[in-house]
Amino acid sequence: MIIAAFGGGIVAMAFVTVALIRRAHRPADVPVCIDDLFEAAPDALLVVDRQGAIVMANRPAAELFGWPGATLVGQPIERLVPHGLRERHESLRQGFLTRPKRLLAGVGGNVMHGVRRDGSEFPLQITLSPLASGAVVAAVRDSTAAHEQVEQILSLNRMYSTLAETNQLIARCECEAELFDGVCQVAVRYGELRLAWIGQAERHGGRIRPLAHCSASPHFERYLQDLEVHLSAERPEGRGPVG
């Protein structure tokens, strides 16, 4: 609203300001009056037409994906999908249009990723709601924090499983060699390490000699064969994995 004063009288002129881009592209069943609600929503909101073009995007969406102002409008929705998944996403989108329904994705073990304008990727949750016109409203949330919490829980579970299995080995094994082999196998199987090995320093010279090991692939077997580790920090070999 613009207020103008003329000789003590006040003339009020109200203008409805709707972006021209939105007016041109808004689906017929999305009324003008929702603009304020659309912008005020805390989640990133996108409206995508049947051809996969973004026809509406609120400020949180622009900020989340790193597109300034209204530059998201007119972009294909696949621009927000990691490059290697764009063809599959387009196929899934076409399939969704044949049987549209409200859909929640990116939760539980179904991890989805979006891509920002600068190419960086992040995990997200998305809710799809079809409109009668064939357009789709997508509500998007950055799930980085939730994803990190899940990873922390999984990491703790792996650690506890490894400790529990190791305790059983200590109680069950009858010799040192059997225990060392078992501990390495447990670390790779339950701790999901790529390589686990146990070494002992030689009495003379200070070189660390592997006693037992287990690896997730032959590549790490070769790595261990070529590895030189020493107790002395004055030598290059002493500033490696152990030193």
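Every chain begins its residue count from 1, and numbering advances along the sequence as written. Residues qualify for local features only when their pLDDT is at least 70, as the model is predicted, and side-chain atom pairs are given and counted only at 80 or more; totals for whole chains, interfaces and linings, by contrast, use all residues. Hydrogens and water molecules were not included; the side-chain quantities draw on all heavy atoms of the structure.

Trainee: Would you mind going over the overall build of the protein in detail, with residue names and values included?
Mentor: The number of helices and strands found in the protein is 7 helices and 10 strands. Type-normalised accessible area, obtained with a 1.4 Å probe on protein chains alone, sets the label of each residue: buried when under 20%, exposed when over 50%, and partly exposed for intermediate values. Taken across its 243 residues, the protein has 32% of its residues classed as buried. When contacts within the protein are restricted to residue pairs at least 6 apart in sequence, long-range pairs at least 24 apart make up 36% of them. For the protein, the exposed area adds up to about 15900 Å²; of that, 55% sits on carbon and sulfur atoms. Secondary structure follows DSSP: runs of H or I at least 4 residues long count as helices, runs of E at least 2 residues long count as strands, and numbering of each begins at the N terminus. Contact criterion: two residues are considered in contact whenever any of their non-hydrogen atoms come within 4.5 Å of each other. Only the protein chains shown count as covering a residue, and every accessible area follows the Shrake-Rupley method with a 1.4 Å probe.

Trainee: Talk me through the side chain of R93; I want residue IDs and the actual numbers.
Mentor: Relative to the elements of secondary structure, R93 occurs in helix α4 (residues 86-98). Two N or O atoms count as a polar contact when they lie within 3.5 Å, although within protein this holds only if one can serve as hydrogen donor and the other as acceptor, and sequence-adjacent residues are included solely when both atoms are side-chain atoms. A polar side-chain atom of R93 sits 3.2 Å from a polar atom in the side chain of E78. With residues up to four places along the chain from it excluded, the contact list for R93 reads R50, Q51, G52, I77 and E78.

Trainee: Break down the nonpolar core for me, citing the residues and quoting the values.
Mentor: Residues belong to one nonpolar core when they are buried, are Ala, Val, Leu, Ile, Met, Phe, Trp, Tyr or Cys, and are joined through side-chain atoms within 4.5 Å. Formed by 22 residues in total, the largest nonpolar core has its most connected members in L46, I54, F65, L72, L80, I126 and V140. Put simply, the parts of the chain that give this core at least two residues each are β3 (44-48), β4 (54-57), α3 (59-65), α4, β7 (121-130) and β8 (136-142). For this core, the element with the highest residue contribution is β7, accounting for 4 residues. Ignoring any residue separated from it by four or fewer positions in sequence, one finds L80 in contact with L46, I54, F65, W67, L72, G114 and V115.

Trainee: Can you explain the pattern of salt bridges? Please cite residues and give values.
Mentor: Only one rule defines a salt bridge in this text: a Lys or Arg side-chain nitrogen within 4 Å of an Asp or Glu carboxyl oxygen. By the definition in use, this model includes 5 salt bridges. Here E202 ties to R207 by a salt bridge, and the two come within 3.5 Å at their closest N and O atoms.

Trainee: Residue-level account of empty space enclosed by the protein, with values.
Mentor: Lining residues are those with an atom within 4 Å of a point, where the points come from a 1 Å grid over the protein atoms alone and group into cavities, where a 1.4 Å probe fits but cannot get out, or pockets, open sets with protein on both sides within 12 Å along at least five of seven lines. Grid points are joined across faces, edges and corners, and a volume is the space filled by probe spheres set on the points. Here the structure, examined in full by the defined rule, presents 1 cavity of 30 Å³ or more. Of the pockets and cavities examined, the largest cavity occupies roughly 40 Å³. Every residue along the wall of the largest cavity is listed here: W197, R207, I208, P210, L224, L227 and V229.

Trainee: Requested: an account of the packing of helix α5 (residues 144-172) against helix α6 (residues 176-189), with residues and values cited.
Mentor: Direction vectors running N to C along α5 and α6 enclose 165 degrees, while the axes themselves pass 10 Å from each other. Viewed along their axes, α5 and α6 adopt a mutual orientation that is roughly antiparallel. Of the two elements, α5 crosses α6, and the hand of that crossing is right-handed. Residues T162, E165, T166, L169 and I170 of α5 form the contact with α6, whose participating residues are L179, G182, V183, V186 and A187. Convention adopted: a line fitted to C-alpha atoms gives each axis, helices being fitted over their contacting stretch, and angles between N-to-C directions are expressed from 0 to 180 degrees. Geometric relationships in this document are graded by angle, where less than 35 degrees denotes roughly parallel, more than 145 denotes roughly antiparallel, 65 to 115 denotes roughly perpendicular, and other angles denote oblique. Should the near helix be turned anticlockwise from the far one by less than a right angle, the crossing is left-handed, and should it be turned clockwise, the crossing is right-handed.

Trainee: For the packing of aromatic side chains, give the residues involved together with the corresponding values.
Mentor: Centres within 6.5 Å are what make two rings of Phe, Tyr or Trp a pair, Trp counting through its six-membered ring; a difference in plane orientation under 30 degrees is then read as stacked, over 60 as edge-to-face, and the rest as tilted. One pass over the full model with this rule turns up 1 aromatic pair. Taken together, a centroid distance of 5.6 Å and an interplanar angle of 55 degrees make the contact between F65 and F122 tilted. Here F122 lies in strand β7 and F65 lies in helix α3, a separation of 57 residues in the sequence. For the pair shown, F65 and F122 are each scored as buried. Charge over a ring is defined by NZ of Lys or CZ of Arg lying within 6 Å of the ring centre and within 35 degrees of the ring normal. One Lys or Arg, R117, reaches over the ring of W67 and ends 4.6 Å from the middle of that ring.

These results come straight from atomic positions and should not be treated as a statement about function.
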